[in-house]
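Residue strings, one per chain:
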Amino acid sequence: MSKLPEEIVLHHIKRGVSQLTPNRAEELWERPVVPADGSEWYLDPDAGRAHTHRKKRMMGALAACFALCILSTLLFQCMPSASVYLDVNPSVELRVNYRDRVTTARACNADAEVILEDMDLRGTDLDVALYAILGSMVHHGYLTEAKDTILVSVHSANTGRARQLEAEATDMVAQSLDKMIQAGEVLSHQINEEDVDRTECDYGGTPGKAAFVDDLEDRYPQLKEDDLDEMTVDEIVSHLDREGLDYSEYRDDDDDDDDDDDRDDDRDDDHDDNDHDDNDHDDRDDDDDDDD
């Protein structure tokens, strides 16, 4: 069979395609135009590009706001809102944020550098940090049953927060010492901005100890000759006890109340014993009258 010329084949294909494709051009032109109602989609390349640009700008603004929120949260968490100072002979400064998480742990003398060696307390809860520091002081022999006094000082621009933090830190320290050495005397107080500005942490102690010593020397001028700055907190307290000087305002009020309650109970017991003896004496007198 002979092969058809290519021109004939192309002609038949073109005619077939024309027959299969309807010619509705005139019908479409005669159809009435319906006004747009706003819900139509348009294949306008310029409109599409404008929509894409608006979307990119919106996504960029949202990303910037999200990043700003994250950065603000991180900065707020890293920003210290209070300081807690511990003085035994090692002196340590802990700065905490609003969630009582440690942002900075600083040694205020050479002994404290040994205590904080190999410790990374940043981000830990205050109670965990206090327990770790006290445990290290016990381990290195700075806190024992014979040397059990510690000074807790708190500073915050918010006096309400300072008061609350002082109570919480004092309670944490007292409970920790009771577990570790079954003893402990905890002194505590709040210090102000002037105390912090006047004394640097690295002078050999903390601003808390310096304010403690200054207050004692102001009340008892004779102490200025005793070089309290060179003493440990336990040595200062022992010296005050020997001299009969009062420092009860630095002690935990709950402990003082417990001591007062114990003394009241003892007095009540003594009173009951005396009443019991008087009743026995009256009974013996009645028996003697019956015999007569």
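Fair warning: this is a prediction, and the values are worked out from it, not measured in the lab.

Undergrad: So what about the sheet that holds strand 2 (residues 91–96)? Which residues, and what values?
TA: In space, the five strands of this open sheet follow the order 3-2-1-4-5, with mixed pairing throughout. Edge strands, defined here as strands with exactly one partner in the open sheet, are strand 3 (102–107) and strand 5 (185–190). Taking the axes of each pair of neighbouring strands and ignoring which way they run, one obtains an average angle of 15 degrees across the sheet. Pairing analysis gives five bridges linking strand 1 (residues 82–87) to strand 4 (residues 149–155), with the strands arranged antiparallel. Bridge pairing links Ser 83 to His 155 in strand 4. Against the sheet, helix 5 (residues 126–139) touches strand 1, strand 2, strand 3 and strand 4, its axis set at about 170 degrees to strand 2. Across the face of the sheet, helix 8 (residues 207–219) comes into contact with strand 1, strand 4 and strand 5 while running at roughly 105 degrees to strand 4.

Undergrad: Please give an account of unusual backbone geometry that cites residues and values.
TA: The residue Asp 118 is not glycine, and still its phi comes out positive at about 65 degrees. Take Asp 118: it is sitting in the loop between helix 4 (110–115) and helix 5. You can call Asp 118 exposed: its relative accessible area is 78%. Phi at Asp 227 is positive, roughly 55 degrees, even though this residue is not glycine.

Undergrad: Can you explain the packing of helix 5 against helix 6 (residues 159–181)? Please cite residues and give values.
TA: Taken N-terminus to C-terminus, the directions of helix 5 and helix 6 make an angle of 40 degrees; their axes are 10 Å apart at the nearest point. Considering their axes alone, helix 5 and helix 6 lie oblique with respect to each other. At the point where helix 5 passes helix 6, the crossing takes the right-handed sense. From helix 5, Leu 126, Asp 127, Leu 130, Tyr 131, Leu 134, Gly 135 and Val 138 reach across to helix 6, where they touch Leu 165, Ala 169, Met 172, Val 173, Ser 176, Leu 177, Met 180 and Ile 181. Classifying every residue of the contact of helix 5 with helix 6 by side-chain character gives twelve nonpolar, two polar and one charged.

Undergrad: Quick one: what's the story with the packing of aromatic side chains, residue by residue and with numbers?
TA: Counted by the stated rule, this structure contains one aromatic pair. Both rings, one in Phe 212 and one in Tyr 250, keep their centres 4.8 Å apart while their planes meet at 85 degrees; by these two values the pair is edge-to-face. With Phe 212 in helix 8 and Tyr 250 in the loop between helix 9 (233–243) and helix 10 (253–291), this residue pair connects regions lying 38 residues apart in the sequence. By the burial criterion, Phe 212 is buried, and Tyr 250 matches it.

Undergrad: Summarise the side chain of Asn 97; cite the residues concerned and give the values.
TA: If you trace the backbone, Asn 97 turns up in the loop between strand 2 and strand 3. In terms of polar contacts, Asn 97 uses its side chain to reach the backbone amide nitrogen of Arg 99, at 2.9 Å.

Undergrad: I'd love a proper account of helix 6, names of residues and values included.
TA: When the terminal C-alpha atoms of helix 6 are compared, their 32 Å separation across 23 residues agrees well with the 33 Å that a helix rising 1.5 Å per residue should span. Along helix 6, the positions that sit buried rather than exposed are Arg 161, Ala 162, Leu 165, Glu 166, Ala 169, Thr 170, Val 173, Ser 176, Leu 177 and Ile 181. In this structure, the buried side of helix 6 is in contact with strand 1, strand 2, helix 5, strand 4 and strand 5. A distance of 3.0 Å separates the backbone nitrogen of Gly 160 from a side-chain oxygen at the start of helix 6, and that oxygen is part of Asn 158.

Undergrad: Requested: an account of the nonpolar core, with residues and values cited.
TA: Among the nonpolar cores identified, the biggest contains 29 residues, and Val 84, Leu 94, Ile 133, Ile 150, Val 152, Val 173 and Leu 177 are the most heavily contacted of them. Among the secondary structure elements, those contributing two or more residues to this core are strand 1, strand 2, helix 4, helix 5, strand 4 and helix 6. Not counting the four nearest positions on each side in its chain, Val 84 is found in contact with Val 92, Glu 93, Leu 94, Leu 126, Val 152, Ser 153, Val 154, Leu 165 and Ala 169. Of all hydrophobic cores here, the second largest spans 16 residues; its members include Tyr 220, Val 237, Leu 240 and Leu 245.

Procedures and definitions
- Per-chain numbering applies: the sequence of each chain, read as written, is numbered from 1 onward.
- It should be noted that, the model being predicted, local features are given only for residues of pLDDT at least 70 and side-chain atom pairs only at 80 or more, the latter also being counted only at that level, while totals for whole chains, interfaces and linings use all residues.
- To get the side-chain values, take all heavy atoms of the structure and skip hydrogens and water.
- Any two strands with at least two DSSP bridges between them are considered paired.
- Secondary structure elements follow DSSP: runs of H or I no shorter than four residues count as helices, runs of E no shorter than two count as strands, and numbering proceeds from the N terminus.
- Every axis corresponds to a line fitted to the C-alpha atoms, with the helix fit spanning only the stretch in contact, and the corresponding angles, defined between N-to-C directions, vary from 0 to 180 degrees.
- Contact between two residues is taken to exist if any of their heavy atoms lie within 4.5 Å; hydrogens are not considered.
- Each residue gets one of three labels from its accessible area relative to the maximum for its type: buried under 20%, exposed over 50%, partly exposed in between, using a 1.4 Å probe on protein chains only.
- Geometric relationships in this document are graded by angle, where less than 35 degrees denotes roughly parallel, more than 145 denotes roughly antiparallel, 65 to 115 denotes roughly perpendicular, and other angles denote oblique.
- Take the far helix as your reference; a near helix turned counterclockwise from it by less than a right angle gives a left-handed crossing, and one turned clockwise gives a right-handed crossing.
- Residue polarity follows a fixed list, in which Ala, Val, Leu, Ile, Met, Phe, Trp, Tyr, Cys and Pro are nonpolar, Asp, Glu, Lys and Arg are charged, and the others, Gly among them, are polar.
- Aromatic contacts are taken between Phe, Tyr and Trp rings whose centres are within 6.5 Å, Trp giving its six-membered ring; a plane angle under 30 degrees counts as stacked, one over 60 as edge-to-face, and the others as tilted.
- Think of a polar contact as two N or O atoms within 3.5 Å of one another; within protein, one of them needs to be a possible hydrogen donor and the other a possible acceptor, and neighboring residues in sequence only count if both atoms come from side chains.
- One less than the residue count of a helix, multiplied by 1.5 Å, gives the span that helix is expected to have.
- Remark: nonpolar core denotes a set of buried residues (Ala, Val, Leu, Ile, Met, Phe, Trp, Tyr, Cys) joined through side-chain atoms within 4.5 Å.

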